[in-house]
Amino acid sequence: MNSTPSKRQLVVAAAQLGPIQSLTTPRSEVLDRMVRLLREAATKNVNLVVFPELAFTTFFPSYIIDSEEELSRFFEPTSSTDPYAMITTPNIRPLIEEANKLKIDISFGFGERWTDGDGVVTDYNTAVYYSASKQECIAKYRKIHLPGRYEPDTRPGVTQQLEKRYFKPGNFGFQAFRVPGLLHGALKADQNNSASDPKDSNGRGDPIMGMLICNDRRWAEGWRSYGLQGVELVLEGYNTTAFAPQYDGANEEQEQEALFHHRLSCQAGSYQNACFSIHAAKAGTEDHGSLIAGSSIIDPNGHIIIESTTKEDELICATIDLEKCKKGKDRVFDFEKHRRPEHYSRLVEQVGVQEPPLLSP
Ligand code: CDT
């Protein structure tokens, strides 16, 4: 057994947010809450804080919003000339300034209103990674698996899920990225001897991360895409309905089932791709529905290291050692040795279910 302390340790956190009421919560109040969590993280020497999906506002896809003016309140501008313009707006800038001051990296979700080079505007459900050492955003992910529906459910009293109405599916795929400035002594490109086996550098460079947003965590495809890029840490924020009256089950029963599926997906994704993961909830009862909590940090064996205990603003932290990804990556999930992609064509060629032909009587 190697007893030398690992050089690949990080202190990471999920910043769970309690409910954000649509009509009564000013944006400045949400920002204050987020800044408070960031300051708490600083007292615990945290290197990276993950905030939830659509962190700055109520979970607006549970509303039917017909007015463009009202809808636009939930989006921040970006464009082909300034892909990260949102961090300069008063709605987000104070959080960035605090991250710079405290030297803490952050990842957060927001509604992105993107204007392309031809002036075409598209809305996405987006997360970014902001590096405090670089003082810039170094990665953007747009949610791919949008749940819910385009047309509102017209039955009275139902909880709406209208993400397909308000967003387009993400168009970046699952692109892993390396994060600078977190690990001292990480191997850099110029130190790598090109004559040696490229795999010799695996697990020695700057940390490899990937982002997912809420519903994405339920889909093995995204996790495996990151796994195939050697991901060591997956970051995910979510707003997951705890109870919807149109579905079977009493309030508590539905909530427990939603938490079970959340944990099942995140623990399986981490284990099967031998990576850590951080999951940050927006939790509690918002105007139009209730959301589960269960923010967590998970290890590469699929065990939950720490989980939130409230449905309020709450910071959970853990020291994680990225060396621990090696065991799974070098053994059970050594993809190079054990994957059989010649048998996986159905995974990319087929979308829906095609059952085998019916049997003869
Ligand atoms: N925000 C979001 O993606 N919510 C979805 C609801 C899907 S219902 C199972 C989620 O996956 O939590």
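Residues numbered from 1 in each chain as written. Predicted model: local features only at pLDDT ≥ 70, side-chain atom pairs only at ≥ 80, totals over all residues. Heavy atoms only, no water.

As recorded in an unreviewed UniProt entry, the protein chain goes by the name Carbon-nitrogen hydrolase, listed as coming from Stachybotrys elegans.

K.L.:
So what's going on with the site of the ligand? Which residues, and what values?
P.N.:
Taken together, Glu53, Phe59, Lys143, Pro147, Gln161, Glu163, Cys214, Asn215, Arg217, Arg218, Asn239 and Thr240 are the residues near the ligand. One of the side-chain N or O atoms of Lys143 is found 2.6 Å from an oxygen atom in the ligand. A distance of 2.7 Å separates an oxygen atom of the ligand from a polar side-chain atom of Arg218. Contact with the protein chains covers 75% of the free accessible surface of the ligand, which is 350 Å². Looking at the shell around the ligand residue by residue, the classes come out as three nonpolar, four polar and five charged. (Near = heavy atom within 4 Å. Polar contact = N/O pair within 3.5 Å; in protein donor to acceptor, adjacent residues only side chain to side chain. Areas by Shrake-Rupley, 256 points an atom, 1.4 Å probe, with all protein chains shown as cover. Nonpolar A, V, L, I, M, F, W, Y, C, P; charged D, E, K, R; others polar.)

K.L.:
How would you sum up the sheet that holds strand β13 (residues 289–291)? Please name residues and give values.
P.N.:
If you walk across this open sheet you meet the three strands as β10-β13-β12, and the pairing is antiparallel. Whereas interior strands pair on both sides, the edge strands pair on one side only; in this sheet they are β10 (241–243) and β12 (284–286). Neighbour to neighbour, the strand axes of the sheet diverge by 45° on average, direction disregarded. In this structure, β12 lies alongside β13, joined through three bridges in antiparallel fashion. Paired with Gly284 across the bridge in β13 is Leu291. (Pairing = 2+ DSSP bridges. Helix = DSSP H or I, 4+ residues; strand = E, 2+ residues; numbered from the N terminus. Axes fitted to C-alpha atoms, helices over the stretch in contact; angles between N-to-C directions.)

K.L.:
Describe the packing of aromatic side chains, naming the residues involved and giving the relevant values.
P.N.:
Following the criterion strictly, the structure yields eleven aromatic pairs and no others. Taken together, Phe60, Phe74, Phe75, Tyr166 and Phe167 form an aromatic cluster joined through their ring pairs. Cation over ring: Arg217 sits above Tyr238, and NZ or CZ is 4.6 Å from the ring centre. (Phe/Tyr/Trp six-rings, centres within 6.5 Å; stacked < 30°, edge-to-face > 60°. Lys NZ or Arg CZ within 6 Å of the ring centre and 35° of its normal.)

K.L.:
Tell me about the pattern of salt bridges, and name the residues and values.
P.N.:
Evaluation of the coordinates by the stated rule reveals 23 salt bridges. Across the salt bridge formed by Arg113 and Glu68, the nearest N and O atoms sit 2.7 Å from each other. Highlighted residues: Arg113 in strand β4 (residues 105–115) and Glu68 in helix α2 (residues 68–72), separated in sequence by 45 residues. For Arg113, a relative accessible area of 18% puts it in the buried group. Exposure remark for Glu68: the relative accessible area of 46% places this residue in the partly exposed category. Glu112 is the salt-bridge partner of Lys140, the closest N and O atoms lying 2.5 Å from each other. Of the two residues, Lys140 is situated in strand β6 (residues 136–142) and Glu112 in strand β4; the sequence distance between them amounts to 28 residues. The two residues Lys140 and Glu112 agree in class, both being buried. (Salt bridge = Lys/Arg side-chain N within 4 Å of Asp/Glu carboxyl O. Buried < 20%, exposed > 50% of the residue type's maximum accessible area, 1.4 Å probe, protein only.)

K.L.:
Tell me what's going on with the sheet that holds strand β9 (residues 233–238), and back it up with residues and numbers.
P.N.:
Strand order in this open sheet of six strands is β7-β8-β9-β11-β14-β15, and the pairing throughout is mixed. In this open sheet, the two strands that pair with only one neighbour each are β7 (177–178) and β15 (304–307). Across five bridges, the pairing between strand β8 (residues 208–213) and β9 is parallel. Among the inter-strand pairings, Gly210 is bridged to a residue of β9, identified as Val234. Packing against the sheet, helix α5 (residues 220–227) makes contact with β8, β9 and β11 (276–281), and its axis sits at approximately 165° to β8. Its contacts with the sheet put helix α6 (residues 251–272) on β9, β11, β14 (296–298) and β15, and the angle it makes with β11 is roughly 155°. (Contact = heavy atoms within 4.5 Å.)

K.L.:
Tell me what's going on with α5, and back it up with residues and numbers.
P.N.:
Within α5, the full set of buried residues consists of Gly222, Trp223, Tyr226 and Gly227. The buried residues of α5 occupy one face: seen down the axis, they fall within an arc of 140°. On its buried face, α5 sits against β6, β8, β9, α6, β11 and α8 (335–338). (Arc of directions from axis to C-beta.)

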